[in-house]
Amino acid sequence: MNIFHLPLSQKLIQALSWTLLHSLWQGLVLAVLTGGVLLTMRKARPALRYNVLAVLLVGFMVVSAGTFWLEYRQTSDSFILHSYKVEGGSVQSSQQAAVAALWLDPERPLTLLMDFCTRHASLIVAIWFVVFLFKSLQAATGLYYIHRLRHHSIHPVSEAWAERVANLARTLKLRMPVLLAESDLVTVPLVAGVVRPMILVPAGFLTNLPYQQVEAILLHELAHIHRKDYLVNLFQSLAENIYFFNPAVLWLSYLLREEREHCCDDLAIGVTQNKTSFVEALVQFQEYKLAHPAHSLAFAGRRNHLLDRIKRIIYNNNKPLEAMEKVFVTASLLTIVVLSVAFSPTPPTQVPQPETPKPVVRLVVAPSPSLAPSPVSIPSPPPAPAAAPVVVPPLPPVAPDTILPQKTGIHMGKVLSTYHMSVNGKRYEIVEQNGKITGLKIDGTTIPESQIESYQSELAPVMAEVREHQKQAEIHRAQAEVHRQEAEVHRKQAEEHRKQADVMRQEAAAMREQAQKNRREAQSLQASQAEARAHADEARRHADEARREAEVHRQQAEVHRREAEEHRKKAEAQRAEYEKMQGEFINDLIQEGVIQSKSNLSYRLSSEELVVNGKKQSDALHQKMKNKYLKELGLEMFHNWQGKSGIMYSR
């Protein structure tokens, strides 16, 4: 047995199919509301914008759930398209009949679409379920990957950093413990987990960045935990998996993620009170790319998104709608207007006459064959009740006790009506002229006009029903005229809406042209920025090379400085030794009686001679002084000798 053929399964499939289809136009409304929120709240705080956008997403999900419930109840009430009928002989009002005829008109595009979707509901749900199952498997794989990140290739951090994270968590009033670990599998900092959240950072992250930047990044991740963003992210993933085909839901989810990062940025800056460090931290991660599932909350993002975050932080201004976003919102608004005009119910000029309890009468205008000579038809004015046709829904096969009125006509000023009916097993053919029965056949037998009076008691109930239905037909014709006038009003309104739609289409075309121009300018600007970035990278490489060369020169200078310091110390020691030796030498000259004092003294002592104040001394004194002071070969001592003083080694 095929479960899709069970009544309950059919109800669920029909309800789910129509819920998914209704979500498309509901998504258009959601896109217009989202665009309105972004335009009216451009100067608002990111937290307020985030809350409003989250309410829109939750409201969309609630409306979609309500749509499913209404569709399921409507399907359970067995309302079947293209089978409009009144059972049990009940009479429905002309207004209900008009609306039913409108929506069930087989020529209307909406009716064709509804019929197609109803007949192919199982296929629509099957395709949706296959894609939903695939995306759900992707989400499950992402959750498993996060579990693997928490338990594989992680390394504990130092106690100082663990204590610092605990202090920052207390600053944000977090009551749950937050773990911090380094991982070999991640390239950017991220948060994983709900009950026991863990901040994972790349290996070497804590040592390769300045302390203030690391603290700002950790505060950003703690802000995610403080705001319970992990749960909201899971809810967004569920909405994206269910409405993967709805661009409005995907766009709103993308905006929520952007605003969430802005909220965490503000929380982190509010604690550090230092925008510069936080912006520098963002710049440090601009070359990273997202390499983790959507179920984790990471610090880094797309390059353009990081640029938008930096601009918002510096200028305190939210990013306006992009050109394509404006086009999408405008197209959504135009589509809503066009659909409203195209599918607005317009009552027809002729409304169906409902069936009534037995006997049922249907009137059709035609000449009567019982009159001779050939009549000349005299058309009556539109308000004349006897000449206005009434359109009725198809009747079932003739059953016993059923009256079938056949023809009514106007001939030479006389109103004739012919009725064919079957009552209590008898077939009647009644000809009525100006309210008087002038012809009668019963079971094919013609009753003479003189004997018709004897059948009045038998014909009275039948003719009473005929009169009642004639009266109802007059009422329906009057109501049909009212509906015709209303239809004309609606037609004029629809024409006005179409004109407005044309104007809006022209505006949309202008906006598309402007968007293309903006896109070309953005591409040119992007190319210029890319060239500037290339020059900046080249300059940075040159600066790095110069820095490395300067570091080498600094190290060499440090070596030379140390050598010079050693030479200085050595020279100081030699100078002290020379001064001591010179003092002793001068004292010896005074004791030998060569000089009286050291004023205006000059001398030179070498291995060849001793000259004092320009006079060469005796060999005995020279030999004595040489043995005492010139202990090394090639050593010379001199003072004020040719303007020089000191000790010299000659080779």
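Above this text sits the structure in question.
One structure accompanies this document, and this report is about it. (Residues numbered from 1 in each chain as written. Predicted model: local features only at pLDDT ≥ 70, side-chain atom pairs only at ≥ 80, totals over all residues. Heavy atoms only, no water.)

**Here we look at the packing of aromatic side chains**
Note the cut-off: Each pair of aromatic rings taken from Phe, Tyr and Trp, with Trp reduced to its six-membered ring, is defined by centres within 6.5 Å and is described as stacked if the planes are under 30 degrees apart, edge-to-face if over 60, and tilted in the remaining cases. Numbering of helices and strands runs from the N terminus, with a helix taken as a DSSP run of H or I at least four residues long and a strand as a DSSP run of E at least two residues long. Burial status follows relative accessibility: with a 1.4 Å probe on protein chains alone, a residue under 20% of its type maximum counts as buried, one over 50% as exposed, and anything between as partly exposed. Note on criteria: charge over ring means Lys NZ or Arg CZ within 6 Å of the ring centre, with the direction from the centre no more than 35 degrees off the ring normal.
Taken as a whole and judged by the stated rule, the model has nine aromatic pairs. Seen from their ring centres, Phe60 and Tyr243 are 5.1 Å apart, and the 75° between their planes marks the pair as edge-to-face. Of this pair, Phe60 sits in helix H2 (residues 46–76) while Tyr243 sits in the loop between helix H9 (229–242) and helix H10 (247–272), placing them 183 residues apart in sequence. Seen from their ring centres, Trp251 and Phe328 are 5.7 Å apart, and the 85° between their planes marks the pair as edge-to-face. Of the two residues, Trp251 is situated in helix H10 and Phe328 in helix H13 (residues 323–342); the sequence distance between them amounts to 77 residues. The class of Trp251 is buried, set by a relative accessible area of 9%. Given the relative accessible area of 24%, Phe328 is considered partly exposed. One aromatic cluster in this structure is built from Phe60, Tyr243, Phe244 and Phe245. Just above the ring of Tyr50 sits the side chain of Arg227; from NZ or CZ to the centre is 4.6 Å.

**With respect to the side chain of Arg260**
Going by this rule: All tallies of charge rest on Lys and Arg as positive and Asp and Glu as negative; His and the ends of each chain are not included. Just to be clear on terms, a salt bridge is a Lys or Arg side-chain nitrogen sitting within 4 Å of an Asp or Glu carboxyl oxygen. Pairs of N or O atoms are called polar contacts if they sit within 3.5 Å, as long as, within protein, a hydrogen donor faces a hydrogen acceptor (for residues adjacent in sequence, only side-chain-to-side-chain pairs).
Position of Arg260 relative to the elements: it lies in helix H10. Although Arg260 lies buried, it forms no salt bridge, and the closest oppositely charged side chain, Asp229, sits 4.5 Å away as judged by the N-O distance. Polar side-chain contacts of Arg260 include one of 2.9 Å to the side chain of Asn233.

**Some words on the environment of Leu416**
Structurally, the position occupied by Leu416 is in strand S7 (residues 414–423). Between the C-alpha atoms of Leu416 and Glu432, which are 16 residues apart in sequence, the distance is 5.6 Å.

**Section: the packing of H10 against H13**
Helix packing for two helices is described by the angle between their axes and how far apart those axes are. Note the following rule: Interaxial angles span 0 to 180 degrees and are taken between N-to-C directions of axes, which are lines fitted to C-alpha atoms, for helices over the stretch in contact. An angle below 35 degrees is treated as roughly parallel, one above 145 as roughly antiparallel, one from 65 to 115 as roughly perpendicular, and anything else as oblique. For a crossing to be left-handed, the near helix must be turned anticlockwise from the far one by less than a right angle; the clockwise case is right-handed. Contacts are assigned to residue pairs with any non-hydrogen atoms lying within 4.5 Å of each other. Under the convention adopted here, Pro, Cys and the residues Ala, Val, Leu, Ile, Met, Phe, Trp and Tyr are nonpolar, Asp, Glu, Lys and Arg are charged, and Gly plus all remaining residues are polar.
It is the contact of H10 with H13, at a shortest axis distance of 12 Å, that shows an interaxial angle of 140°. Comparing their axes, H13 and H10 come out oblique. The handedness of the crossing between H10 and H13 is left-handed. Between H10 and H13, the residues in contact are Pro247, Ala248, Trp251, Tyr254 and Leu255 and Glu325, Phe328 and Val329, respectively. For the contact of H10 with H13, the per-class residue count stands at seven nonpolar, no polar and one charged.

**As for the state of the cysteines**
Quick note on the threshold: Cysteine sulfur atoms are paired as a disulfide whenever they fall within 2.5 Å.
In total, this model carries zero disulfides according to the counting rule given. Considering cysteine sulfurs only, Cys263 is the nearest to Cys264, which forms no disulfide, with 6.8 Å between them.

**Concerning a nonpolar patch on the surface**
In plain terms, the rule: Here the term patch refers to residues with relative accessible area over 30% and no salt bridge, with like charges joined within 9 Å and nonpolar side chains (Val, Leu, Ile, Met, Phe, Trp, Tyr) within 5 Å. Shrake-Rupley sampling with a 1.4 Å probe provides the accessible areas, and residues are treated as covered by the protein chains on show and by no other component.
Nonpolar side chains collect at one region of the surface, where Trp25, Val29, Leu33 and Leu339 lie side by side and expose about 340 Å² of accessible area between them. Sorting elements by how many residues they give to the nonpolar patch places helix H1 (residues 7–40) first, with three residues. For Trp25, a relative accessible area of 44% translates into the label partly exposed.

**Structural notes on the pairing of strand S2 (residues 179–183)**
Our working definition: Pairing between strands is defined by DSSP: at least two bridges between the two strands are required.
Most of S2 is tucked away, with four of its five residues classed as buried. Alignment of strand S1 (residues 154–156) against S2, held across three bridges, turns out to be antiparallel. Paired with Ile154 across the two strands is Ser183, which belongs to S2. Judged from the five bridges that link them, S2 and strand S4 (residues 198–202) form a sheet pairing that is parallel. Of the residues in S4, the one forming a bridge with Ala181 is Leu200.

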